[in-house]
Amino acid sequence: MNVENRLNTLIGDTAGRLHTARSRNDQVATDFKLWVRDAIDQSDQKLQQLQHALIERAEEHVSTILPGFTHLQNAQPITLGHHFLSYVEMFGRDRGRFADTRKRLNECPLGAAALAGTSFPIDRQMTSKTLEFDRPTHNSLDSVSDRDFALEFMATAALCSSHLSRLGEEIVIWSTSQFGFIKLSDNFSTGSSIMPQKRNPDAAELIRGKSGRISGSLLSLLTSMKGLSLAYSKDMQEDKEPLFDTFDTLSLCLRAAAGMIKDMTINVEGMHKNAGAEYSTATDLADWLVKSLDIPFRNAHELTGQIVKSAEERGVPLWELPIKIMQNIEPRINDDVIGFLQPSSAIMSRNSFGGTSPDQVKMQISEARKRFL
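Residues numbered from 1 in each chain as written. Predicted model: local features only at pLDDT ≥ 70, side-chain atom pairs only at ≥ 80, totals over all residues. Heavy atoms only, no water.

Focus: the layout of surface pockets
- Approximately 610 Å³ is the volume found for the largest pocket.
- Lining the largest pocket are 22 residues, with Met 1, Arg 24, Gln 27, Val 28 and Asp 31 positioned closest to its centre.
- For the lining of the largest pocket, the secondary-structure elements that each account for two or more residues are α1 (2-11), α2 (24-60) and α4 (124-130).
- Among the elements that make up the lining of the largest pocket, the one with the highest residue count is α2 (seven residues).
- The class makeup of the residues in the lining of the largest pocket is eight nonpolar, seven polar and seven charged.
- Gly 68, Phe 69, His 83, Arg 166 and Glu 170 are the residues nearest the centre of the second largest pocket, which is lined by 20 residues in total.
- Elements with a contribution of two residues or more to the lining of the second largest pocket: β1 (65-70), β2 (73-79), α3 (80-105) and α6 (148-174).
- Counted by class, the lining of the second largest pocket contains 11 nonpolar, six polar and three charged residues. (1 Å grid on protein atoms, 1.4 Å probe; cavity = no way out; pocket = protein on both sides within 12 Å on 5 of 7 lines; lining within 4 Å. Points joined across faces, edges and corners; volume = space filled by probe spheres on them. Helix = DSSP H or I, 4+ residues; strand = E, 2+ residues; numbered from the N terminus. Nonpolar A, V, L, I, M, F, W, Y, C, P; charged D, E, K, R; others polar.)

Here it is in structure tokens:
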């Protein structure tokens, strides 16, 4: 209507013809789709930039060893490159979901008019092609009442934000003095108002917190749409604010995450020191018993538990436990086992496809560059 008003100022009453065969309903739906399409393209670009940052850091740390966790307990040693690449995969799936959403939304509602189409001899194929849609929408009633594309964008954004939140949580944990795996510069952390020694990982915490805001926006629009009869109702005016906020919030979080990945200083020695804690190579001992002594894994698991208990009682890591002590539990154990109990040996042995060994990580980096960059 503003465009028509301005045109009227320039050319007079002829501007009134602009609205022929059109309605605010199909025009708004068209404009909204164009906006979301552009938002998807921008989100994809920022996700790619984050993946690029993760891949670069993975390449720097192909062989850096750190503890891998389950239940936030030391589980098995892994490589930092492998850890970074796990997020590359998550964000790759998010990009795939955005691409799927873009493909589905790329049908042009223009020409559906208020809800029933129009009696004027319009060419919807031409307007669709001009606006770079794949085709016109097939049903005029659905065309003006559809907000699936907005909900899909927000659902993908919510899932992406949950991945970002997990990354933010790990950055928060890793930057604590208890872990001491990384440090963030002043660009992504702040001091306390009264404690001068503090450095708080604010950017990571905000990324973690804003996932709730994005999920809340999705729920807001889902609730608004759930009870609407066809076709258009004024309730649908509530679609813009949560979607615009979702895009702005996600964009900010993606930029901050990429910045932190590039910015963080990694304590390689501290990670390595903790990689063998809590007998994280116990599984490697069990595997050695299976492969070298032909013991069924369930039995090997039980024997390893007994050996770990002996090491705990003596306060030594597995690789420092005397062979004689191990032989008291399983007489056939020999000196060869020691070479398999260091964290560095453990990661080298995890050479299955997609595993954490440096060779596999190098292969994953090469494939990730082809797939995502």
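Quick notes on the packing of α2 against helix α8 (residues 240-263)
- It is the contact of α2 with α8, at a shortest axis distance of 9 Å, that shows an interaxial angle of 15°. Between α2 and α8, the angle is such that the two are roughly parallel. By crossing handedness, the relation of α2 to α8 is classed as left-handed. (Axes fitted to C-alpha atoms, helices over the stretch in contact; angles between N-to-C directions. Parallel < 35°, antiparallel > 145°, perpendicular 65-115°, else oblique. Left-handed = near helix turned anticlockwise from the far one by under 90°.)

Let's talk about empty space enclosed by the protein
- One pass over the full model with this rule turns up one cavity of 30 Å³ or more.
- Reported here for the largest cavity is a volume of approximately 50 Å³.
- Along its surface, the largest cavity is lined by His 83, Phe 84, Tyr 87, Leu 167, Glu 170, Ile 171, Trp 174, Ile 261 and Met 264.
- Listing elements by their share of the lining of the largest cavity, those giving two or more residues are α3 and α6.
- Here the element with the most residues in the lining of the largest cavity is α6; it accounts for four residues.
- A per-class count over the lining of the largest cavity returns seven nonpolar, one polar and one charged.

Thoughts on α1
- Here α1 lies mainly on the outside; zero of its 10 residues are buried.
- Two residues or fewer after α1 comes Gly 12, characterised by a positive phi angle close to 90°. (Buried < 20%, exposed > 50% of the residue type's maximum accessible area, 1.4 Å probe, protein only.)

Some points on unusual backbone geometry
- Here the amide bond leading from Leu 230 into Ala 231 is cis, since omega sits at 10°, within 30 degrees of zero.
- Inspection of the secondary structure puts Ala 231 in the loop between α7 (202-225) and α8.
- You will see that Glu 132, though not glycine, has its phi angle at about 65°, which is positive.
- Positionally, Glu 132 belongs in the loop between α4 and β4 (135-136).
- Notably, Glu 278 is not glycine yet its phi reads approximately 55°, a positive angle.
- Its place among the elements puts Glu 278 in the loop between α9 (268-275) and α10 (282-293).

Some points on the packing of aromatic side chains
- Evaluated as defined, the whole model comprises nine aromatic pairs.
- Pairing Phe 32 with Phe 149 gives two aromatic rings, centres 5.5 Å apart and planes at 75°, and the pair type is edge-to-face. Residue Phe 32 is located in helix α2, and its partner Phe 149 is located in helix α6; the two are separated by 117 residues in the primary sequence. Taken as a pair, Phe 32 and Phe 149 share a single burial class, namely buried.
- With a centroid separation of 4.6 Å and 50° between ring planes, the pair formed by Trp 35 and Phe 244 is classed as tilted. A residue pair is termed long-range when its members are at least 10 positions apart, and Trp 35 in helix α2 and Phe 244 in helix α8 qualify at 209 residues.
- Trp 35 sits in the partly exposed class, given a relative accessible area of 31%.
- Owing to a relative accessible area of 32%, Phe 244 belongs among the partly exposed residues under this scheme.
- Every member of this aromatic cluster is reached through a ring pair, and the members are Phe 32, Trp 35, Phe 149, Phe 244 and Phe 247. (Phe/Tyr/Trp six-rings, centres within 6.5 Å; stacked < 30°, edge-to-face > 60°.)

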